[in-house]
Amino acid sequence: MPNGQPPSAGQESFSTLSDPSSPGHNPVSIVVPTFREAANIPTLVRRVSAALSDWPAEWELILVDDDSNDGSEAIVAKWGGRLPVRMVTRRGATRDLSLSVLEGMRLARCDRLVVMDADLSHPPEQIIDLLAAFDADCDMVVGSRYVPEARMDPAWSLARALLSRAGTLMARPLADCRDPLSGFFATDRRRLPDLEDLHPVGYKIALELMARGRLRVREVPIRFGARHRGTSKLNWRTPFNFLRHLSRLYGYRVHERVRRTLSDRSPRSAS
Ligand SMILES: Nc1nc2c(ncn2[C@@H]2O[C@H](COP(=O)(O)OP(=O)(O)OP(=O)(O)O)[C@@H](O)[C@H]2O)c(=O)[nH]1
Ligand SMILES: [Mg+2]
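Residues numbered from 1 in each chain as written. Chains lettered and ligands numbered in written order. Predicted model: local features only at pLDDT ≥ 70, side-chain atom pairs only at ≥ 80, totals over all residues.

## A look at the overall build of the chain
Working step 1: Scanning the chain for helices and strands turns up eight helices and nine strands.
Working step 2: Each of the 271 residues in the chain was classed as buried or not, and the buried ones make up 39%.
Working step 3: Long-range contacts, defined as pairs at least 24 residues apart, comprise 82% of the intrachain contacts of the chain with a sequence gap of at least 6. (Helix = DSSP H or I, 4+ residues; strand = E, 2+ residues; numbered from the N terminus. Buried ≥ 20, exposed ≤ 12 C-beta atoms within 10 Å, placed from the backbone. Contact = placed C-beta atoms within 7 Å.)

What follows is the structure in structure tokens.
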């Protein structure tokens, strides 16, 4: 059974059938966490729908919003009926990017998923590059900033670039990926660990999935841009949450290794 919920009533006509081993042309749900992104949403919707205009299967865009109260809901409602775009609002929940992504993955109508940011730092035109690279030999395709041919917007400050590099180096042993902190990726819900077993803290949901699911990752170079409009949601808590998240994942890895060693040594495995 897929990890997500089944489609709700009224969504039955939307074909979710996809072949997990076939590359490319499957129905796809694009999941985007948003918090106060009203200034970016119109451009995001336009560019995503243009990028997928020749996609030979159905697609949908789900914006999972943490009750921004900035007019985002009304902006998205304008497209209702014309484009497969909807906003899911998390009310009364503690604001959390990773939990928002998990919610979007659960609510998605398709098993094939793409996750990206709303601020246009992930070029919507490259969604199809990620989907095209997805096949039976990988569980996740990451839009990577740290492989040859990737490009970084020079507007990214040196301090941000250095912090990103340092975080990336700390996380690399947990995943077979040069950019485990990327927030732009394609995957298939059926290849993921059970979403209920995940404990992400903060911003790095791809890392959580890669580390706990031991996913086979392929990387596609991206043109990483600076935030288009609006303000960053990073704050002083972000690096502390990241360190807490890393320590949990390293703890999980150690625990797994001990468990495997003990089970290898158990009398039953010797017989
Ligand atoms: N639902 C939800 N989305 C969030 C939250 N925090 C950030 N986001 C979204 O997650 C994405 C990444 O956030 P950003 O603020 O762009 O973080 P960043 O890319 O590391 O930093 P900048 O690009 O410098 O702003 C954006 O689409 C945000 O709107 C949150 O608490 N809840
Ligand atoms: Mg951003």
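## What to know about the sheet that holds strand β3 (residues 85-89)
Working step 1: Taken together, seven strands build an open sheet; the order of strands is β3-β2-β1-β4-β7-β5-β8 and the sheet is mixed. The open sheet is flanked by β3 and β8 (217-221), the only strands paired with a single partner. Taken pair by pair, the neighbouring strands of this sheet meet at an average axis angle of 20°, ignoring direction. (Pairing = 2+ DSSP bridges. Axes fitted to C-alpha atoms, helices over the stretch in contact; angles between N-to-C directions.)

## Some words on helix α3 (residues 97-107)
Working step 1: Most of α3 sits out of view: nine of its eleven residues are buried.
Working step 2: Looking at α3, one finds that the buried residues are Leu97, Ser98, Leu99, Ser100, Val101, Leu102, Glu103, Gly104 and Met105.
Working step 3: Residues of α3 that are buried make contact with β1 (28-34), β2 (59-65), β3, β4 (112-115) and α6 (205-213).

## So, the nonpolar core
Working step 1: Within the largest apolar cluster, 59 residues are counted, with the highest numbers of intra-cluster contacts made by Ile30, Val31, Leu113, Val114, Leu130, Phe185 and Met210.
Working step 2: With six residues, the single largest contributor to this core is α6.
Working step 3: If we skip the residues at most four places from it in the chain, valine 31 touches Ile62, Val64, Val101, Gly104, Met105, Ala108, Leu113 and Val115. (Core = buried A, V, L, I, M, F, W, Y, C linked by C-beta atoms within 7 Å.)

## Focus on the pairing of β4
Working step 1: Covered by surrounding structure in β4 are Arg112 and Val114 together with Leu113 and Val115, the residues of both alternating faces.
Working step 2: Note that β1 and β4 share four bridges and pair parallel. From the neighbouring strand, valine 31 faces β4, where its bridge partner is valine 115.
Working step 3: When β4 meets strand β7 (residues 185-188), the two strands line up antiparallel, connected through four bridges. By the bridge assignment for β7, leucine 113 is matched with threonine 187.

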